[in-house]
Structures are given as C-alpha cells and as structure tokens.
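Structure assessment
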Amino acid sequence: MEKIIVRGGRSLSGEVTVSGAKNAVVAIIPAAILVKGTCVIENVPDIEDVRVLVDILDAMGADVCYDRLTSTLKVDCSNVKAETPPAHLVRKMRASYYLIGVLLGRFKRADVALPGGCNFGSRPIDQHIRGFEALGADVTCNEESVTAQAENLSGNSVYLDVVSVGATINIMLAAVLAKGVTTIENVAKEPHIVDLANFLNAMGANVKGAGTDVIKITGVETLSGGTYSIIPDQIEAGTFMVAAAATGGNVLVKNVIPKHMEAVSAKLMEMGADVLEYDTDIRVIGNKDMRSVNIKTLPYPGFPTDMQPQAVALLSVIEGESRVTEGVWDSRFQYIEELKKMGADIEVNGRTAVIKGVSHLVGQTVRATDLRGGAGVVIAGLIASGETVITEIKHIDRGYERLVDKFKGLGADIKRVCE
Ligand code: EPZ
C-alpha cells in the first residue's frame, strides 16, 4: 500500500505549475464519443480518473493514445460500439455517468453501471434523468445500472431543480446531436461547464450561454475532430494557494485563470494573506497573524465545495473561531475526524464545522477519506510538527497530478513510500 509521509514545519516557496482541470477533462474525454474523427486533447492531467476513462474508451473500441510526457490525448471514437461500458471500470469513478449522455446522444441507447467516486452521502442523479426524459428518452434505473433509450432525441426545455454540475453536463452531452433546440435553465456555471461547451463548439456543436444560468443547444448533424486544450485546474490551483498561506510561504502558482480563483483569493485576503494576481499566475504570501473567517461553500462563482477541506485545514491553526458551512453536499466532513487526530479543535453541527484555532497540529497517521479530504490532510501535515503518514492515497491520485513532487518542488519534506 502506498502512503505519503510529510514532515511538517517548512514554509513553501518557489513556483508551481497547475495541470489541466480534472473536472473538465472527465467530461471532455467521454464527449469524444460524440465526435466523428480524431480529437487531440491537450493539457490532459496524468491522474487516475483519466487512466480509467482511457481504459473505458479503449475497451469500447476507440483508438486512444495518451502521451503522458506531452499531456496529449488523441482519441478517435469512430469504431466505438453501442455496447455496455465495462462495469468494473465505470464503478471506479463518478464522472463515468457522462457515458450515459454521450451514448444516448450518439446511439440513442445507453446501458451504464451506476458510478463510483467520493462518498458524500447520497449522490442522486434524478436531474440527469429528468433531462434525458425531456429529450424523449425512456430511462430505467435499478441498483446496478441506468438504461436510457429513445426512438429519436428532440430538443426541449429543462429546468433543473438543483444547480447540478453533472446534470448540466450530461444533458448538454445528450442534446448536442438531438434534433432542434434544447434550453437548460438554472444550470451550473463552473469553469468546467464552459470548457466543455468550448470543446463541443470547437468540434462543430452549437452551444450558447455556458457560464450563465441558461444554456441553449441547437442540435447539429455531426461533430468532427479537432484540437482542444483543457483549462487549468481551479481546485489544484486553490490547493497550492491555501498550502502557501498555511505554511507562511511565498508561492507563485502558475498557469491559472485568476478569475476562476476569485472566491478563494478573497477568503485568503480576508484571512490576512497577500494575494497578487498576474495575467496567468497568482502569488500567495502567508502572514504570521492570520485571522479567522466564516465560509459557506456554494456553486460557482461561490466558494468551491472542493476547496472546503483545504480551507478547514488552514483555519484549524488560525486563532479564533471560524465557521465553515457546506452548501452543496449533505455530508462532506469525513476528513475532520482525521484533522482532530492531529489536534484540531473542530465540532460539526449539521452542515457547519465550527473551528477553534489551535496553536499547532501534531503529526499522526491519518486517512485520505476522499479526494479533497486527502488534500486537506496533506496541508495539515505540511503545517504539523513531526511526521504525518497519510494512508488510502488512491483518493488523492484520482484527481491530483504528481501532488507530492509538486510540493517537494516548493521545498516541502514529503515523499511517497510503498509498504
Ligand atoms: C461535481 O460533482 C464535481 N465532480 C465534484 O467534484 C463537485 O464537488 C461538485 O460537482 C460540486 O461542484 C465532477 O465534476 C466529476 P452536482 P457532481 O451534481 O456533478 C445534488 C471533486 O472533488 N444533486 O453539482 O456529482 C447533489 O446531491 C469532486 O473534484 C441532486 O440532487 O455534483 C449535490 O447536493 C467531488 N440531483 C448537488 O446537487 C442530481 O441529479 C450538487 O451536485 C444531481 C445532483
């Protein structure tokens, strides 16, 4: 079993380059199934979720080649068959549910196992299904899988009852080749939604309004191949920004879109860190006297739920009381038990974590309970005294490219070991 071992106490300094966005690429790779011809996708991060998607497309008959050195994925899905994707791979990740949208869009039929991914309590897909049904599909769902089929898919109006990233993306994917106009209202506005729309449009789709509350998709006959580069990962960038502030460091985070970072930058500044924005880089400088703050996670442009554990790790050593309220998921505080093992004083009341800042954390053996919870305990390890051993790091590997090497490059005493 691989583990991460961190010896805390060093201030991070130097430069780190952010990789391509996980939550964009996990939508864009399945979207290649809708395209006739070769898609060349650049800035693809070397993460476990990408490897699983490559294996899924390969098993379905795609011609797929991922060059890790150049971060470029070439994929031609012309020979993909209308078959069930391998369930054991689909269950390894959440975003495999985008296969339902693309297979329905291309073949008018999809039979896909229910997805896996991080455990945040209930993760329903009712809004995805409502969208598919509005386009004319019959959808049946059991404990194992989802089956959707349609004679024809026709554009329609869909209003989402909850702002859902996954439903927004899945309905877009099913609608790009449908006949007529689909209007999706109350959609998610995350940067990865805009990135998917840009990818689809670059391949010949007609998607308007991504990044606003309403997306309008006019169906086209076919999509053809082309080259597209994935945006930088907003959450990876935020993770380094918080780590810089938490260790009292001075780090230039390179290859970011500063606009995507506004909610995180604003909170770090409120805490007392210096945040300097450049065209495609952000410098974060931590200060000795940081202040406690309150945070509520919200859909974009609010403070991202995927930055909640990293922020709580930082707040755990800031004097005073901070309150962090989870506004997206029912349950996303599993990692807090791990922080408490390291000496953090945190009480969870429903969806709010009340954090009383302690003077220091102490290294311990802790689990990566999920992807971002894992990032949270790595940051805790960087600020703790002594040695922190992080187990179950497969969760971290799903979504961060070379996290340990990147922290090492910033001067952290951190390594992976295999035992
Ligand atoms: C995406 O998950 C991300 N995953 C998550 O990031 C992220 O936390 C989340 O969006 C919110 O930003 C990917 O993009 C692969 P949702 P998703 O549908 O699409 C409820 C990470 O760490 N809901 O926006 O699954 C749902 O229960 C991961 O990178 C319904 O009720 O999230 C939740 O409360 C973890 N019915 C809320 O909406 C539905 O049909 C938002 O979920 C769908 C969702």
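Numbers given for residues are sequential positions, taken from 1 along each chain in its written order. For a predicted model such as this one, the threshold for reporting local features is a pLDDT of at least 70, and the threshold for listing and counting side-chain atom pairs is 80 or more; totals across whole chains, interfaces and linings nevertheless cover every residue. Just so you know, side-chain values use all the structure's heavy atoms and leave hydrogens and water out.

1. What to know about helix α1 (residues 22-31)
- The classification of residues rests on relative accessible area computed with a 1.4 Å probe and restricted to protein chains. Under 20% of the type maximum is buried, over 50% is exposed, and intermediate values are partly exposed. Elements are defined by DSSP. Helices are runs of H or I of four residues or more, strands are runs of E of two residues or more, and each kind is numbered from the N terminus. Of all 10 residues in α1, 10 are buried; the element is thus mostly enclosed.
- Taken residue by residue, α1 has K22, N23, A24, V25, V26, A27, I28, I29, P30 and A31 as its buried positions.

2. Quick look at helix α4 (residues 98-107)
- Along α4, 8 of the 10 residues are buried, which leaves the element largely enclosed by surrounding structure.
- Among all positions of α4, only Y98, L99, I100, G101, V102, L103, L104 and G105 are buried.
- At the C-terminal side of α4, K108 shows a positive phi close to 65°.

3. What to know about the nonpolar core
- Throughout this description, the term nonpolar core refers to a set of buried Ala, Val, Leu, Ile, Met, Phe, Trp, Tyr and Cys residues connected via side-chain atoms within 4.5 Å. With 83 residues, the main nonpolar core has I41, V75, M172 and L200 as its most contacted residues.
- Contacts are residue-level and defined by heavy atoms, with any inter-residue pair within 4.5 Å sufficient. Among all residues touching M172, those that are not within four sequence positions of it are I184, I193, L196, A197, L200, V207, I215 and I217.
- If you look at the next biggest cluster of nonpolar residues, it comprises 69 residues, including L268, L315, A344 and V404.

4. Description of the site of the ligand
- The environment of the ligand is formed by 25 residues, the closest being Q127, S164, V165, D306 and V328.
- Throughout this description, a polar contact denotes any pair of N or O atoms lying within 3.5 Å of each other; where both atoms belong to protein, one of them has to be capable of donating a hydrogen while the other can accept it, and for residues adjacent in sequence the pair is counted only when both atoms sit in side chains. One of the backbone N or O atoms of Q127 is found 2.7 Å from an oxygen atom in the ligand.
- Isolated, the ligand exposes 830 Å² of accessible area, and the fraction of that covered by the protein chains is 91%.
- Broken down by secondary-structure element, the contributors of at least two residues to the shell around the ligand are α1, α5 (126-134), α6 (165-175) and α12 (371-383).
- Of the residues contributing to the shell around the ligand, the split by class is 11 nonpolar, 7 polar and 7 charged. Distances are taken per atom, and a residue is near a molecule or strand as soon as one of its heavy atoms is within 4 Å of it. Here the open area of atoms and residues is found with the Shrake-Rupley method and a 1.4 Å probe, where only the protein chains shown may cover a residue. Three categories are distinguished: nonpolar for Ala, Val, Leu, Ile, Met, Phe, Trp, Tyr, Cys and Pro, charged for Asp, Glu, Lys and Arg, and polar for the others, with Gly belonging to the last.

5. Some points on the state of the cysteines
- For this text, the term disulfide refers to a pair of cysteine sulfurs within 2.5 Å. This structure, assessed with the given rule, holds 0 disulfides.
- With no disulfide partner, C65 has as its closest neighbouring cysteine sulfur the one in C77, 13 Å distant.

6. Concerning the pattern of salt bridges
- Salt bridge criterion: a side-chain nitrogen from Lys or Arg within 4 Å of a carboxyl oxygen from Asp or Glu. Enumeration according to the criterion identifies 21 salt bridges in this entry.
- As a salt-bridge pair, R51 and E48 come within 2.8 Å of each other at their nearest N and O atoms. Taken together, the residues R51 and E48, both in helix α2 (residues 48-59) and 3 residues apart, mark about one turn of the helix.
- Residue class for R51 comes out partly exposed when judged on its relative accessible area of 28%.
- Taking the shortest distance from any N to any O, the salt bridge between E338 and K341 comes out at 2.9 Å. Here K341 and E338 lie together in helix α11 (residues 336-341), a separation of 3 residues that amounts to about one turn.
- K341 sits in the partly exposed class, given a relative accessible area of 44%.

7. Let's talk about the packing of aromatic side chains
- Pairs were defined over the aromatic rings of Phe, Tyr and Trp, the Trp ring being its six-membered one, requiring ring centres within 6.5 Å. Orientation was assigned from the angle between planes: stacked under 30 degrees, edge-to-face over 60, tilted for the rest. Enumeration over the complete set of coordinates arrives at 3 aromatic pairs.
- Plain terms: the ring middles of F240 and F407 are 5.0 Å apart, the flat faces sit at 65° to each other, and that makes the pair edge-to-face. Residue F240 is located in helix α8 (residues 234-246), and its partner F407 is located in helix α14 (residues 403-409); the two are separated by 167 residues in the primary sequence.
- Judged by its relative accessible area of 0%, F407 is buried.

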